[in-house]
Amino acid sequence: VTITTRQLVSHLSGIRHYEKDITKVKEEKEKANRALKLTKSHQDKEQKAKEGKGTENTDCVKQKKEHDSETKSRNSKPGRNDKEFEQEEYYLKEKFESVIESLKIFKNDPLFFKPGDQFLYSTYGFTLLSAVVERASGQKFTDYMLKMFRDLDMLSTVLDDNEAMIYNRARCYIYNKKGRLVNAPYVDNSYKWAGGGFLSSVGDLLKFGNALLYSYQAGQFKNKNSKLLPGYLKPSTVAMMWTPVPKTEVSWDRDGKYAMAWAVVEKSQQCGCCRQQRHYASHTGGAVGASSVLLILPEELEPEAGGTWPGAPPRGVIVTIICNMQSVSLNSTALKIAREFEREKQAQ
């Protein structure tokens, strides 16, 4: 078969994640799909019951109970649960000298499906992607990434190397089987630099988000301000990265689809006075003893009002949260924060 880099970056390659047993993966997906159907069925019944009562004040007002139910549904995780951290490969201690060497972990394993047919989130897909970057660039993947971080002024973003002395490196924590807070176990992330092997700070992730948002919007401003510098990426590249890919899904937001290394929610509203979805891109991070999220909510720029745009890009809200605790769901919190800032700005 042929596996493309686009399939790798959208998790459509068929390469396994940490679970080696395809039967278990299918069972988990079936459970998640059944749970989703039950949730939707319950929500439909609640909606019909409210319509049957004919109350006057429910047409355009979202009740707290509806909002809580919606949030719970949106942030439940299809195909992924806390048992994921029971996989042995999360806790590898072997040090790999190169990303090419780390391919030996999975290179002889069968694909779970024909590339392009199904979605399966795969850290190892990104390990293979890092090997592609290494060969295409002619540099070690880690050197290539650290140069890029320097270009973006992300000077606090480094390899999560156990041997290196890293200023202000946080301790990480997990809950043990008895529910007690303990230090996270020692692991070596050299087998997955691309899929969870970097340490960063809130400030650096905000710089990263701003660079992407600037690149995304730069094309819309270029005719209005001749002095505007180009973005780090082309506007068309970021637009492509933030375009949902068919057959994908997102574990941390049921409204979204996976794009290219980003989860994306598109702008939509089914009916008047109903819930509105704003366009945004986000990605969560989960590692042994740590959780994170980066969410980018671009400002909606009206083309006909282009001549009156004040200032320059980036325009929008960027939220990032880093937590030194394992299995913390952060996407919904980031979205609430982003919307609060957006509402505050609109009110001014």
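Residues numbered from 1 in each chain as written. Predicted model: local features only at pLDDT ≥ 70, side-chain atom pairs only at ≥ 80, totals over all residues. Heavy atoms only, no water.

Looking up the chain in an unreviewed UniProt entry gives the name LACTB protein, with the organism given as Molothrus ater.

Draft legend 1. Structural detail: the overall build of the chain. When you go through the chain residue by residue, the secondary structure sums to ten helices and eleven strands. Classification of the 348 residues of the chain by burial places 38% in the buried group. Contacts spanning at least 24 positions in sequence make up 67% of the contacts within the chain whose residues lie at least 6 apart. If you sum the accessible surface of the chain, you get close to 20,400 Å²; carbon and sulfur atoms cover 52% of it. (Helix = DSSP H or I, 4+ residues; strand = E, 2+ residues; numbered from the N terminus. Buried < 20%, exposed > 50% of the residue type's maximum accessible area, 1.4 Å probe, protein only. Contact = heavy atoms within 4.5 Å. Areas by Shrake-Rupley, 256 points an atom, 1.4 Å probe, with all protein chains shown as cover.)

Draft legend 2. Highlighting the sheet that holds strand E5 (residues 257–258). With antiparallel pairing, the five strands of this open sheet are ordered in space as E5-E6-E9-E10-E11. Two strands in the sheet have a free side with no partner beyond their single neighbour: E5 and strand E11 (316–323). Pairing of strand E10 (residues 290–298) with E11 involves eight bridges; the strand directions are antiparallel. Bridge assignment links Ser-292 to a residue of E11, and that residue is Ile-322. Across the face of the sheet, helix H8 (residues 202–221) comes into contact with E10 and E11 while running at roughly 150° to E11. (Pairing = 2+ DSSP bridges. Axes fitted to C-alpha atoms, helices over the stretch in contact; angles between N-to-C directions.)

Draft legend 3. Summary view of a nonpolar patch on the surface. On the surface, a nonpolar cluster with roughly 270 Å² of combined accessible area is contributed by Val-1, Ile-3 and Leu-111. Here Leu-111 is to be found in the loop between helix H4 (99–102) and helix H5 (123–137). Classification of Leu-111 as partly exposed rests on a relative accessible area of 33%. (Patch = residues over 30% accessible without salt bridge, like charges linked within 9 Å, V, L, I, M, F, W, Y side chains within 5 Å. Salt bridge = Lys/Arg side-chain N within 4 Å of Asp/Glu carboxyl O.)

Draft legend 4. Local environment of the pairing of E10. Here E10 lies mainly inside the structure; seven of its nine residues are buried. Taken together, the seven bridges between strand E9 (residues 280–287) and E10 define a ladder with antiparallel strand orientation. Counted as the bridge partner of Gly-286 is Ser-291 from E10.

Draft legend 5. Representation of the pattern of salt bridges in the model. Counted under the stated rule, the structure contains 15 salt bridges. Of the charged contacts in the structure, one is a salt bridge between Glu-89 and Lys-20, with a shortest N-O distance of 3.8 Å. Note that Glu-89 is positioned in the loop between helix H3 (64–75) and H4 and Lys-20 in the loop between helix H1 (5–9) and helix H2 (22–53), a separation of 69 residues in sequence. Between Glu-299 and Lys-345 there is a salt bridge whose closest N-O contact spans 3.2 Å. With Glu-299 in the loop between E10 and E11 and Lys-345 in helix H10 (residues 331–347), the pair connects residues that are 46 residues apart, well separated along the chain. Here Lys-345 falls in the partly exposed class, since its relative accessible area comes to 43%. Three or more residues joined by partner-sharing salt bridges are found here, namely Arg-16, Lys-20, Glu-89 and Asp-109.

Draft legend 6. Structural detail: the nonpolar core. By size, the foremost hydrophobic cluster in this structure holds 40 residues, and its most contacted members are Tyr-124, Leu-212, Trp-242, Trp-262 and Ile-296. For this core, the secondary-structure elements that each account for two or more residues are H1, H5, helix H6 (141–151), H8, helix H9 (235–241) and E10. Per-domain counts for this core show at least three residues from each of domain 1 (1–38 + 80–196) and domain 2 (200–347). Ignoring anything within four residues of it in the chain, the contact list for Leu-212 reads Leu-233, Val-238, Met-241, Trp-242, Trp-262 and Ile-296. Within the second largest apolar cluster, twelve residues are counted, among which are Val-265, Leu-297, Val-317 and Ala-338. (Core = buried A, V, L, I, M, F, W, Y, C linked by side-chain atoms within 4.5 Å. Domains from an automatic or database assignment.)

Draft legend 7. Representation of the packing of aromatic side chains in the model. Inspection of the entire model under this criterion finds twelve aromatic pairs. Taken together, a centroid distance of 5.6 Å and an interplanar angle of 45° make the contact between Phe-119 and Tyr-258 tilted. In this pair, Phe-119 sits in the loop between H4 and H5 while Tyr-258 sits in strand E5, placing the two residues 139 residues apart along the sequence. Taken individually, Phe-119 and Tyr-258 each receive the classification buried, so the pair is uniform in this respect. Every member of this aromatic cluster is reached through a ring pair, and the members are Tyr-18, Phe-85, Tyr-90, Tyr-91, Phe-106, Tyr-124 and Tyr-191. (Phe/Tyr/Trp six-rings, centres within 6.5 Å; stacked < 30°, edge-to-face > 60°.)

Draft legend 8. Seen up close, unusual backbone geometry. Backbone torsion omega between Pro-313 and Pro-314 reads 0°, so that peptide bond is classified as cis. Of note, Pro-314 is situated in the loop between E10 and E11. Of note, the phi angle at His-11 is positive, near 60°, even though the residue is not glycine. In this structure, His-11 sits in the loop between H1 and H2.

Draft legend 9. How the structure looks around the side chain of Glu-342. In this fold, Glu-342 is placed in helix H10. The buried category is assigned to Glu-342, whose relative accessible area is 15%. Leave out the neighbours within four places in its chain, and Glu-342 touches Arg-278, Leu-297 and Val-317.

Draft legend 10. Quick peek at the environment of Met-148. Checked against the element boundaries, Met-148 lands in helix H6. By relative accessible area, Met-148 is classed as buried at 18%. Expressed as a C-alpha distance, the spacing of Met-148 and Tyr-232, which sit 84 residues apart in the sequence, is 10.0 Å.

Draft legend 11. Up close: the confidence of the model for the chain. This prediction gives the chain a mean pLDDT of 85; 82% of its residues lie at or above 70. Here residues 54–81 scores under 50 on pLDDT; set against residues more than four positions off or in separate chains, the count is 40 contacts. (pLDDT = per-residue confidence, 0-100.)

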